[in-house]
Amino acid sequence: LTLLATLVASATAFAPSAKPAFSTQIAAEDFLEAEPYYDQSTVPVNVWKNKAPFTGKIVSTKRIVGPKATGETCHIIIDHDGDFPYWEGQSWGVMPPGTREKDGKPHSVRLYSIASSRYGDDMTGKTGSLCVRRATYWCPELKADDPAKKGICSNFLCDTSPGDEVKMTGPAGKVMLMPEEDPKTDLIMVATGTGIAPYRGFIRRLFAEDTPAAAAYKGEAWLFLGVANSDALLYDDEFQAAKKAYPDNFRIDYALSREQENKNGGKMYIQDKVEEYSDEIFEKLSNGAHIYFCGLKGMMPGIQDMLRGVADAKGLNYDEWLKGLKKSKQWHVEVY
């Protein structure tokens, strides 16, 4: 129970001060489960649509990175009152208010991976959280951020206050769901930056909540996160608490590009950190592990090149190997 207490404390830090967090905590997180819990046939998809979006309310918006982090990343808790259920690994669409300058039409929907389990940070089943980095544009001529080119939706979300309304669509996607039918399945989760979002949901479900999935899980969940420096790490306190409580089932490896060197003396990027463990990862995949990738789309070419190199060295045909993983649904990619 100590882990739950730690996570309750860390989630309390995000909660608004008006009412105590967890005032409605229910004894076990088992009231939003399918029957059996791993049956994915009833996963909700696109319940709320662009033409008739859902209106959520901001509970809290908090900066969650240190002073030396690259950019600003916020953890945003949204109240949906239980009317917008989702599963771990799905995304919510957000429609920023206002209209586009070029044609006066409403802004298009932006998708954000949900960063909480289906029970939400307060475990009531009535909230969900997003992990959003404020998108800014550095103008080389001005030698400053150009406010005219900042990201519309990320800045809207990072600037929200408790009680603000957010128009939302979804939930979207099934590609990042966790395979729960065999509780011995190993998970390899690779993220850059805010791509950590779905894995926070996985990790809370498996290691912080009293869910049927947590009770059954006997595999190893292995997280790889790439960020610029220690100040840019996300949810590290929660992950360390999970690792302490479940040292045999949870592993963490960080790639800090501005603080660590790879084996060639260059910056340590996510593919370099994964490559250090390539033998073990290839072996896990051959034994049925699922591998996930989430983050900016620029992360994938470096990862693919690295995996191809490892496969070649092992005498494997990379394209056939990858095709096999995709066919058996062990390969999950959500990049943006």
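Summarised in this report is the structure supplied together with it. (Residues numbered from 1 in each chain as written. Predicted model: local features only at pLDDT ≥ 70, side-chain atom pairs only at ≥ 80, totals over all residues. Heavy atoms only, no water.)

## Brief notes about the packing of helix H3 (residues 197–207) against helix H5 (residues 236–245)
Between H3 and H5, whose axes approach to 11 Å, the crossing angle comes to 35 degrees. In this structure, H3 meets H5 at a crossing whose hand is left-handed. Where H3 abuts H5, its residues Arg 200, Ile 203, Arg 204 and Phe 207 lie against Glu 238, Phe 239 and Ala 242. Residues of the contact of H3 with H5, tallied by class, amount to 4 nonpolar, no polar and 3 charged. (Axes fitted to C-alpha atoms, helices over the stretch in contact; angles between N-to-C directions. Helix = DSSP H or I, 4+ residues; strand = E, 2+ residues; numbered from the N terminus. Left-handed = near helix turned anticlockwise from the far one by under 90°. Contact = heavy atoms within 4.5 Å. Nonpolar A, V, L, I, M, F, W, Y, C, P; charged D, E, K, R; others polar.)

## Structural notes on the packing of helix H8 (residues 299–313) against helix H9 (residues 318–327)
Taken N-terminus to C-terminus, the directions of H8 and H9 make an angle of 110 degrees; their axes are 9 Å apart at the nearest point. In terms of orientation, H8 lies roughly perpendicular with respect to H9. Crossing geometry of H8 relative to H9 is assigned as right-handed. Residue-level inspection shows Gln 304, Leu 307, Arg 308 and Ala 311 of H8 in contact with H9, the latter providing Tyr 318, Asp 319 and Leu 322. Of the residues assigned to the contact of H8 with H9, the class counts are 4 nonpolar, 1 polar and 2 charged. (Parallel < 35°, antiparallel > 145°, perpendicular 65-115°, else oblique.)

## Here we look at the side chain of Asp 272
Following the sequence through the fold, Asp 272 ends up in helix H6 (residues 270–276). This buried residue, Asp 272, is left without a salt bridge; Lys 263 holds the nearest opposite charge, at 6.9 Å. Those residues in contact with Asp 272 that sit more than four places away from it in its chain are Asn 262 and Lys 267. (Buried < 20%, exposed > 50% of the residue type's maximum accessible area, 1.4 Å probe, protein only. Lys, Arg positive; Asp, Glu negative; His and termini not counted. Salt bridge = Lys/Arg side-chain N within 4 Å of Asp/Glu carboxyl O.)

## Let's talk about H3
Extensive coverage of H3 is indicated by the burial of 11 of its 11 residues. Along H3, the positions that sit buried rather than exposed are Ala 197, Pro 198, Tyr 199, Arg 200, Gly 201, Phe 202, Ile 203, Arg 204, Arg 205, Leu 206 and Phe 207.

## Details of the pairing of strand S5 (residues 127–133)
Among the 7 residues that make up S5, 6 are buried, leaving the element largely enclosed by the rest of the structure. In this sheet, S5 lies alongside strand S2 (residues 73–79) in antiparallel orientation, the contact comprising 7 bridges. Within the sheet, the bridge partner assigned to Thr 73 lies in S5 and is Arg 133. (Pairing = 2+ DSSP bridges.)

## Re H5
The set of residues buried in H5 consists of Glu 238, Phe 239, Ala 241 and Ala 242. Viewed end-on, H5 has its buried residues packed into an arc of 160 degrees, placing them on one side of the element. (Arc of directions from axis to C-beta.)

## Here's the deal with the nonpolar core
Within soluble globular proteins, side chains that are nonpolar tend to cluster in buried spots. With 37 residues, the main nonpolar core has Ile 196, Tyr 199, Ile 203, Leu 223, Phe 239 and Phe 250 as its most contacted residues. Counting residues per element, the ones that place at least two in this core are strand S9 (187–192), H3, helix H4 (212–216), strand S10 (221–227), H5, strand S11 (250–256) and strand S12 (290–295). Looking at this core, the element that brings in the most residues is H3, giving 6 residues. When near neighbours in sequence (up to four residues on either side) are disregarded, Phe 239 contacts Ile 196, Arg 200, Ile 203, Leu 223, Leu 234, Phe 250, Ile 252 and Tyr 254. Formed by 24 residues, the second largest nonpolar core is a distinct cluster that contains Phe 224, Ile 291, Tyr 318 and Leu 325. (Core = buried A, V, L, I, M, F, W, Y, C linked by side-chain atoms within 4.5 Å.)

## Focus on the sheet that holds strand S1 (residues 54–63)
Taken together, the 6 strands give an open sheet; going across it, the order is S4-S3-S8-S1-S2-S5, and neighbouring strands pair in antiparallel fashion. Only two strands of the sheet have a single neighbouring strand rather than two, namely strand S4 (110–113) and S5. Neighbour-to-neighbour, the strand axes of this sheet turn through a mean angle of 40 degrees, independent of strand direction. With 4 bridges connecting them, strand S3 (residues 91–95) and strand S8 (residues 165–172) associate as antiparallel partners. Directly across from Gly 93, in S8, lies its bridge partner Thr 169.

## Quick notes on the packing of aromatic side chains
Tallied over the full model, the rule gives 21 aromatic pairs. With a centroid separation of 5.3 Å and an interplanar angle of 35 degrees, the aromatic rings of Phe 207 and Phe 250 are classed as tilted. Here Phe 207 is found in helix H3, whereas its partner Phe 250 is found in strand S11, with 43 residues between them in sequence. Relative accessible area serves as the criterion here: at 4%, Phe 207 is assigned to the buried category. Judged by its relative accessible area of 0%, Phe 250 falls in the buried class. (Phe/Tyr/Trp six-rings, centres within 6.5 Å; stacked < 30°, edge-to-face > 60°.)

## What to know about the sheet that holds S11
Reading across from one edge, S11-S10-S9-S12-S13 is the order of the 5 strands in this open sheet, with parallel pairing throughout. Every interior strand has two partners, whereas the edge strands, S11 and strand S13 (331–335), have only one. Neighbour-to-neighbour, the strand axes of this sheet turn through a mean angle of 10 degrees, independent of strand direction. As defined by bridge partners, S9 adjoins S12 across 5 bridges and the pair is classed as parallel. Within S12, the position partnered with Ala 191 by the bridge is Cys 294. Packing against the sheet, H5 makes contact with S10 and S11, and its axis sits at approximately 145 degrees to S11.

## Focus: the side chain of His 107
Following the sequence through the fold, His 107 ends up in the loop between S3 and S4. Look at His 107 and you get buried, because its relative accessible area is 9%. For His 107, the contacting residues outside a window of four places in its chain are Pro 96, Pro 97, Gly 98, Thr 99, Arg 100 and Ile 152.

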